[in-house]
Amino acid sequence: MQMDQAIDIAFMTEALNLAREAENRGEVPVGAVVVRDGVIIGRGHNRTISDHDASAHAEIVALRDAGLLQNNYRLPDTTLYVTLEPCVMCAGAIIHARVGRVVYAARDPKTGADGSCFDILQNPLHNHRVEVEQGLMAEQSADLLQNFFRQRRKAKASA
């Protein structure tokens, strides 16, 4: 295994841990970390339900956390690791924050903005280019999401 891949796996593992934390709080299990120079500068997991905030996706929470730490909404030379393909809202925030690279695990066929439904992250009309890598630890992320929704359907059926 290459050193870069081992580093990516370590940071995606942290994002998956945050996704599990979201699940433990009754949120859709998505987690994200923002990294600069090998250091996590922002962490987030879905908090839409607990915060009563439709914009509190894992990516947005992590970008806000990083922005506060860096005292700047622009986050050049960073990598965002997220367990699910970003949606249109999150893709817009990623572009506006000038994130350099996004690594995501599972594709999102319903709302994904990196080609699954929309192609926002790599749209050539933007004045900022984001390098994107997808599929790292996708099976673990997809399993976590599928199990979460399976349990919710089961609970709803028995209620």
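Summarised in this report is the structure supplied together with it. All values derive from a computational prediction rather than experimental measurement.

Parameters and conventions
Residues numbered from 1 in each chain as written. Predicted model: local features only at pLDDT ≥ 70, side-chain atom pairs only at ≥ 80, totals over all residues. Heavy atoms only, no water. Phe/Tyr/Trp six-rings, centres within 6.5 Å; stacked < 30°, edge-to-face > 60°. Helix = DSSP H or I, 4+ residues; strand = E, 2+ residues; numbered from the N terminus. Buried < 20%, exposed > 50% of the residue type's maximum accessible area, 1.4 Å probe, protein only. Pairing = 2+ DSSP bridges. Axes fitted to C-alpha atoms, helices over the stretch in contact; angles between N-to-C directions. 1 Å grid on protein atoms, 1.4 Å probe; cavity = no way out; pocket = protein on both sides within 12 Å on 5 of 7 lines; lining within 4 Å. Points joined across faces, edges and corners; volume = space filled by probe spheres on them. Nonpolar A, V, L, I, M, F, W, Y, C, P; charged D, E, K, R; others polar.

Focus: the packing of aromatic side chains
Applying the stated criterion across every chain, the model contains two aromatic pairs. Centre to centre, the rings of F11 and Y81 are 5.4 Å apart; their planes meet at 40°, and the pair counts as tilted. In this pair, F11 sits in helix α1 (residues 3-24) while Y81 sits in strand β3 (residues 79-84), placing the two residues 70 residues apart along the sequence. On the basis of relative accessibility, which here comes to 11%, the residue F11 falls in the buried class. The exposure class of Y81 is buried, given its relative accessible area of 2%.

Focus: the sheet that holds strand β5 (residues 131-134)
In space, the five strands of this open sheet follow the order β2-β1-β3-β4-β5, with mixed pairing throughout. The two strands at the open ends of the sheet, each matched to only one other strand, are β2 (39-45) and β5. Mean inter-strand twist for the sheet, computed between neighbouring axes without regard to direction, equals 15°. For strand β1 (residues 31-36) and β3, the ladder comprises four bridges, and the chain directions are antiparallel. In the sheet register, V34 faces β3, and the bridge partner there is L80.

Side note on the layout of surface pockets
Within this model, the largest pocket holds a volume of roughly 530 Å³. Lining the largest pocket are 21 residues, with V28, L84, D108, L145 and F149 positioned closest to its centre. In terms of residue count, the dominant contributor to the lining of the largest pocket is helix α5 (residues 138-158) (five residues). Partitioned by chemical class, the residues of the lining of the largest pocket number 10 nonpolar, five polar and six charged.

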